[in-house]
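Architecture at a glance
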Amino acid sequence: MSASRHPALTAVDPELASFVAAEETLQAQTLRLIPSENYVSAAVLEASGTVLQNKYSEGYPGRRYYEGQQNIDRVEALAVERAKGLFGVDHANVQPYSGSPANLAVYLAFAKPGDTVMGMALPMGGHLTHGWGVSATGSWFRGVQYGVSAETGLIDYDAVRELALAERPKIIFCGGTALPRTIDFEAFSSIAQEAGSVLVADVAHIAGLIAGGAHPSPVGHVDVVSTTTHKTLRGPRGAMLMCKEEHAKALDKAVFPGLQGGPHNQTTAGIAVALHEAAQPSFVTYAHAVVANAKALAAALLERGFDLVSGGTDNHLILMDLTSRGVAGKVAAKALDRAGIVVNYNTVPFDPRKPFDPSGIRIGTPSLTSRGLGTDHMPVVAEWISRAVDAAAKSDEPALAAIRAEVADLMAAHPAPGLPLS
Ligand SMILES: *Cc1c(COP(=O)(O)O)cnc(C)c1O
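Analysis parameters
Residues numbered from 1 in each chain as written. Predicted model: local features only at pLDDT ≥ 70, side-chain atom pairs only at ≥ 80, totals over all residues. Heavy atoms only, no water. Domains from an automatic or database assignment. Buried area = accessible area lost by both parts, 1.4 Å probe. Salt bridge = Lys/Arg side-chain N within 4 Å of Asp/Glu carboxyl O. Polar contact = N/O pair within 3.5 Å; in protein donor to acceptor, adjacent residues only side chain to side chain. Helix = DSSP H or I, 4+ residues; strand = E, 2+ residues; numbered from the N terminus. Nonpolar A, V, L, I, M, F, W, Y, C, P; charged D, E, K, R; others polar. Pairing = 2+ DSSP bridges. Contact = heavy atoms within 4.5 Å. Axes fitted to C-alpha atoms, helices over the stretch in contact; angles between N-to-C directions.

Remarks on the domain arrangement of the protein chain
Assigned domains of the protein chain: these are domain 1 (7–36 + 288–413) and domain 2 (47–278). Relative to domain 2, the C-alpha centre of domain 1 lies at a distance of 27 Å. For the pair domain 1 and domain 2, the summed buried area comes to about 1,800 Å², and 58% of that belongs to carbon and sulfur atoms. On the domain 1 side of the interface with domain 2, the three residues burying the most area are Ser310, Asp314 and Phe350, jointly 28% of the side's total. Put simply, domain 1 and domain 2 have 1 salt bridge between them. Residues Asp314 and Arg181 are paired through a salt bridge, measuring 2.8 Å at the closest nitrogen-oxygen approach. Seen at the junction of domain 1 and domain 2, the total is 12 residue pairs in polar contact (both at pLDDT 80 or more). Secondary structure elements with two or more residues in the side of domain 1 that touches domain 2: α13 (281–303), β12 (317–321) and α15 (366–370). Per element, the largest residue contribution to the side of domain 1 that touches domain 2 is 3 residues, and it comes from α13. Of the residues that constitute the side of domain 1 that touches domain 2, the class distribution is 10 nonpolar, 11 polar and 2 charged.

Below, the structure is given as structure tokens:
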């Protein structure tokens, strides 16, 4: 497979080429349910592997510190224009290396070390970079954290307001990594205005849903939108910061020269292609199908007696609490992996277990939707998950192997974008 796809790599470094080939096979044959992952198109893959890689471009289009930028400037300007058009923003910076450095640039632009910042707690579904203790953002800044209600699993906006008014944080982050419900950007906006805080919507997980009209947009309600490009947006691994014109200079300065040197131009090219793809009518269909699949999968899991945090989902993501099934999240995740179903173990809100051995698993539908699976497939997916979790409880390896074969059959009938036919 890989020899024909990567002839030079195979000739020069057959060992490494064999790892890539094995990964292609793994991605082709397994049901990938990690909600932050996806399959990029062949076009995005090609753009990300170009000679743009060879060029240093510190600065911004038209204002570089190196010569020979005739083509690079056009690539980056195109990515910026497409981001502005797709999300309806005044300004976009496409240079952050990934989501975490993008968020760090926001701190650099709007806060000083020691300042109070506010975000959702990691074990409640927030991201490390929203001021959580083990992150630089939680040790260089004073992070105060909100969560979800114990009864509903939903953000309690009155509690968020109370905390914000008591703490007056410089920055408030909304958004997270394990939030199955719609974020009320208007509610956050009125809280941030009352508290005098800069409001950042970190839409890393849901950017593709926003682009496709399947989740409300934060634009117009927040000061800064931070996003990765590689999750539902289906681009290469990278990030973007978007804002109103008034914050453009501060954010650009924070990214370069504040935090980074030369941008990864091959990634910028891949982002430009992904943004072009996301502007097509087919992407609107995709984004809505991701949500429809997640809702159908959640319903099928509830039917099989699973507990879902917040009782279901509004977006691409489902957080399952396995406590009532008598299986720990990690044990279940590893069993599912042996069954050809790739998930991650995850804390659930108010988890009595440890973060490295939590009670839940986190699943999502972006990848399977990219392969063309629809709502009619979700009952069988739920059935596989249910059988695998029960098999995990009994250490029933033959049952897991049987599921793996069934999964591979379905996957073979639904080839993944960007991958060779398996
Ligand atoms: C994934 C994610 C990030 C970080 O992205 P990396 O590219 O992994 O650094 C930041 N914020 C949120 C909400 C995320 O989901």
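Things to note about the sheet that holds strand β11 (residues 307–308)
Neighbouring strands of a sheet are bound in pairs by backbone hydrogen bonds; such pairs are parallel or else antiparallel. Here we have 4 strands laid out as an open sheet, ordered β11-β12-β15-β14, and antiparallel in their pairing. The sheet terminates laterally at β11 and β14 (344–346), the two strands that pair on one side only. Bridging between β14 and strand β15 (residues 360–364) involves 3 bridges; their strand directions are antiparallel. When the bridges of β15 are listed, Asn344 appears paired with Arg362. The sheet contacts of helix α14 (residues 329–338) involve β14 and β15, and relative to β15 the element is tilted by about 45 degrees.

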